[in-house]
Amino acid sequence: MASEWSILGTFTATVMIAYTLFDKFIPTHIRSYVQIYVHKLIGFLSPYIQVTFPEFSGERLKRSGLFTSIQTYLIENSSQRARKLKAEPTDNSNNPFLLSMDDNEEVTEIFQGVKLWWGSHKTMAKTQSFSFYPSSDEKRFYTLTFHKRHRDLVSRTYIPHVLEQGKSIKLKSRQLKLFTNNSYTGWGGYRKSKWSHVVFEHPARFETLAMEKTMKEEIIDDLITFKNGKEYYDKIGKAWKRGYLLYGPPGTGKSTMIAAMANFMYYDVYDLELTAVKDNTQLRTLLIETTSKSIIVIEDIDCSIDLTGKRMVKKEKEKSENVKDPIKKAEEEESKESKVTLSGLLNCIDGIWSGCAGERIIIFTTNHVDKLDPALIRSGRMDKKIELSYCCYEAFKVLAKNYLDVDYHRLFSVVEGLLKETKMTPADVAENMMPKSKSDDVNTCLKKLIESLEKAKKKAEEEAQKKAEEEEAKLKEEKEKEQKQEQLAVEEAKSDDKAGKEVKENGFH
Ligand SMILES: Nc1ncnc2c1ncn2[C@@H]1O[C@H](COP(=O)(O)OP(=O)(O)OP(=O)(O)O)[C@@H](O)[C@H]1O
Ligand SMILES: [Mg+2]
């Protein structure tokens, strides 16, 4: 091993000295010719092959997935053997820093009896310009060196092995992220990413979600089928995505369910605020930027988009035609442009854009399912519609286990009866049952809940009574009005009759 290192070391040192002399004393136009032939000569003489993996590639200078997979692989596998390490912060609170190979450091690896050298490098392009933002002239890359007789093994087996390992290590060790969209353009036109993110650490789980057991199992089954469905979706020629519509009154657990889904699937969450999206083009860009294994959420869809489409556009047009001031008119036009339309949203959901990154779930939530345009929720777009409703006995038992850690109590039957007679959201049940002081035990908490349920029941009964009385009064009023009208009609008929007789009598005389 020492001899191989010394051969490689001597070879590299000779090349470096030769290169420095050459760089200093030979004119540029001759240098480029010589460089080409020197490279050819080195390639011809050296028995080693070197592959470079740059950090950025492609036209958009996107960070290379290859590079990040190799980085993860090397952190896990080879960093222990490196002598020069660098510590970098992570956004994972359980693992606040990572040790990786420092720049210009090399490690060796044996794969199926074959020796390989990994190197980590950084180059700086000479630039005169000054920038406040991280310099894009700093270029990092990894090199992989191996003997040319192992070319096939490395390209066909080793590199794919490294990439696969890197990906799976990353998936296991990554922290879930919650992305939100902001279209912030900073100082000097420097554009921040349209999505900003924080670590997603919501504690919601399906086990703690209060709802009917069968419904919960159905949703879990649906999610598992989706997760394992890559081949099926490929076979039927459909983009690997699934749409859910969660609807129900406020406080019934729609947002909590989304968090539970994200934790269950181990997917990132993209919370898409439609009102902050300028237009359909920006919406498309945002959706393209979402990654695979993610949940895209649009909360309160009925409040975030003009669901009445054409009618509203017409109204706005009329309004802007009435505006005489040209500046105001231009502003109106601008604000009209800054809108995502229903058709734009539909195109993004099931247009060709949706196929850009597989394994994505789209969730809409609403409090008013009846307000939604049928086009938005038809099958194929929203594949599953889930109603989250008021707290039932089964859901209450889950909450009691969560909040009071009890499976059964003699007061459960009282709560069961009251829940059948009154409507209370899981959020209110949880709030009323939660211990508020150290002295609050299960008994007092359940009694408090019963009290609140009785109050809610009384209030509902009073409201129902009031409504019934109002309706009765309205009916009575309508009846009286009808009777009056009838009486009036009779009187009118009588007076007409009388007048007719008089005319007749006068006419004959
Ligand atoms: N089904 C449920 N299971 C467990 N906890 C629930 C459930 N529903 C509501 N909660 C509790 O009530 C709180 C509010 O619920 P959540 O925000 O999920 O309601 P929502 O349906 O999204 O309401 P909104 O329509 O106002 O957005 C949650 O923090 C959670 O603690
Ligand atoms: Mg919500």
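For the structure itself, consult the block above.
These figures come from a predicted structure and were not determined experimentally.

Turning our attention to the sheet that holds strand E1 (residues 48–54). The four strands lie next to each other as E1-E8-E7-E6, forming an open sheet whose pairing is antiparallel. Two strands close off the open sheet at either side, each with one partner strand: E1 and strand E6 (105–111). Neighbour-to-neighbour, the strand axes of the sheet open up by a mean angle of 25°, direction not taken into account. As defined by bridge partners, E1 adjoins strand E8 (residues 138–147) across seven bridges and the pair is classed as antiparallel. Directly across from Ile49, in E8, lies its bridge partner Phe146. Contacts from helix H3 (residues 65–77) reach E1, E6, strand E7 (114–124) and E8 within the one sheet, and its direction differs from that of E8 by about 65°. Contacts from helix H4 (residues 151–173) reach E1, E6, E7 and E8, with the element oriented near 130° to E8.

It is worth spelling out the nonpolar core at this point. Core analysis: the largest hydrophobic core is formed by 29 residues, its most contacted members being Phe206, Met257, Met261, Ile295 and Ile361. Every element with two or more residues in this core is listed here: helix H5 (213–227), strand E11 (241–247), helix H7 (254–265), strand E13 (294–298) and strand E14 (360–366). Top contributing element to this core by residue count: H7, with seven residues. Of all hydrophobic cores here, the second largest spans 27 residues; its members include Ile296, Leu342, Cys348 and Met382.

Pairing is possible between side chains of opposite charge, provided their charged atoms come close. As enumerated under the stated definition, the model contains 17 salt bridges in all. Asp103 is the partner of Lys86 in a salt bridge, and the nearest nitrogen-oxygen pair spans 3.2 Å. Taken as a pair, Lys86 in strand E4 (residues 85–89) and Asp103 in the loop between strand E5 (97–101) and E6 lie far apart in primary sequence, 17 residues in all. Among the residues examined, Lys86 registers a relative accessible area of 17% and is labelled buried. Judged by relative accessible area, Asp103 falls into the buried class, the value being 12%. Residue Asp407 is joined to Lys401 by a salt bridge in which the shortest nitrogen-to-oxygen separation is 3.8 Å. A relative accessible area of 36% places Lys401 in the partly exposed class. Each of Lys86, Asp103, Lys122 and Arg140 takes part in a single network of salt bridges with overlapping partners.

According to the stated counting rule, one finds 14 aromatic pairs in the structure shown. Their ring planes at 70° and their centres at 5.7 Å tell us that Tyr408 and Phe412 sit as a pair that is edge-to-face. Overall, the relative accessible area of 59% leaves Tyr408 in the exposed class. Grouped by ring-pair contacts, the aromatic residues Phe53, Phe111, Trp118 and Tyr158 constitute a single cluster.

The next thing to look at is the site of ligand 1. As a structural note, the neighbourhood of ligand 1 is formed by 15 residues, with Ala210, Lys254, Ser255, Thr256 and Asn367 the closest of them. In this structure, Ser255 approaches ligand 1 through a side-chain N or O atom, which is 2.9 Å from an oxygen atom. Between ligand 1 and Asn367 there is a distance of 2.9 Å, counted from an oxygen atom to a side-chain nitrogen or oxygen. In isolation ligand 1 has 620 Å² of accessible area, and contact with the protein removes 72% of it. Among the secondary structure elements, those contributing two or more residues to the shell around ligand 1 are H7, helix H14 (393–404) and helix H16 (426–433). When residues in the shell around ligand 1 are grouped by element, the largest group, three residues, is from H7. Split by residue class, the shell around ligand 1 holds seven nonpolar, seven polar and one charged.

On to H14. For H14, built from twelve residues, the straight-helix expectation of 16 Å at 1.5 Å per residue is met to within 8% by its first-to-last C-alpha distance of 15 Å. When H14 is considered as a whole, its buried residues turn out to be Tyr393, Ala395, Phe396, Val398, Leu399, Ala400 and Leu404. Where H14 terminates, the next one or two residues include Asp405, which has phi positive at roughly 60°.

Turning to helix H15 (residues 412–421), a few remarks are in order. Taken as a whole, H15 has its buried residues at Phe412, Val415, Leu418 and Leu419. All buried residues of H15 fall inside an arc of 125° around its axis, so they share one side. Along H15, exposed side chains directed more than 90 degrees from the buried face belong to Lys420 and Glu421.

A separate point is the state of the cysteines. Counted under the stated rule, the structure contains zero disulfides. Its sulfur unpaired, Cys391 is 6.0 Å from the next cysteine sulfur, which belongs to Cys392.

Turning our eyes to something else, we now look at unusual backbone geometry. Backbone phi values are negative for most residues with the exception of glycine, while trans is the configuration of most peptide bonds. Positive phi is not limited to glycine here, since Lys293 has a value of about 55°. Although it is not a glycine, Asp405 adopts a positive phi angle of roughly 60°. Inspection of the secondary structure assignment puts Asp405 in the loop between H14 and H15. A residue is classified by how much of its surface remains accessible, and Asp405, at 57% relative accessible area, is exposed.

On the basis of which strands lie adjacent, the open sheet formed by seven strands has the order E10-E9-E12-E13-E14-E11-E15 and mixed pairing. Every other strand in the sheet has two partners, leaving strand E10 (195–199) and strand E15 (384–387) as the edge strands with one partner each. Pairwise comparison of adjacent strand axes, ignoring direction, gives a mean angle of 20° for this sheet. Both strand E12 (residues 268–271) and E13 contribute to a ladder of four bridges, which runs parallel. Its bridge partner being in E13, Tyr270 is matched across the sheet by Ile296.

It is worth spelling out the pairing of strand E9 (residues 177–181) at this point. The sheet contact formed by E9 and E10 spans five bridges and is antiparallel. By the bridge assignment, Phe179 is partnered in E10 with His197.

Moving on, we get to the pairing of E13. Successive residues of a regular strand alternate their side chains across the two faces of the sheet. Among the five residues that make up E13, five are buried, leaving the element largely enclosed by the rest of the structure. With five bridges connecting them, E13 and E14 associate as parallel partners. Bridge pairing links Ile295 to Ile361 in E14.

Basis of the calculations
- Residues numbered from 1 in each chain as written.
- Chains lettered and ligands numbered in written order.
- Predicted model: local features only at pLDDT ≥ 70, side-chain atom pairs only at ≥ 80, totals over all residues.
- Heavy atoms only, no water.
- Pairing = 2+ DSSP bridges.
- Helix = DSSP H or I, 4+ residues; strand = E, 2+ residues; numbered from the N terminus.
- Axes fitted to C-alpha atoms, helices over the stretch in contact; angles between N-to-C directions.
- Contact = heavy atoms within 4.5 Å.
- Core = buried A, V, L, I, M, F, W, Y, C linked by side-chain atoms within 4.5 Å.
- Buried < 20%, exposed > 50% of the residue type's maximum accessible area, 1.4 Å probe, protein only.
- Salt bridge = Lys/Arg side-chain N within 4 Å of Asp/Glu carboxyl O.
- Phe/Tyr/Trp six-rings, centres within 6.5 Å; stacked < 30°, edge-to-face > 60°.
- Near = heavy atom within 4 Å.
- Polar contact = N/O pair within 3.5 Å; in protein donor to acceptor, adjacent residues only side chain to side chain.
- Areas by Shrake-Rupley, 256 points an atom, 1.4 Å probe, with all protein chains shown as cover.
- Nonpolar A, V, L, I, M, F, W, Y, C, P; charged D, E, K, R; others polar.
- Expected span 1.5 Å × (residues − 1).
- Arc of directions from axis to C-beta.
- Disulfide = S-S within 2.5 Å.

Shape descriptors only; they carry no functional weight alone.
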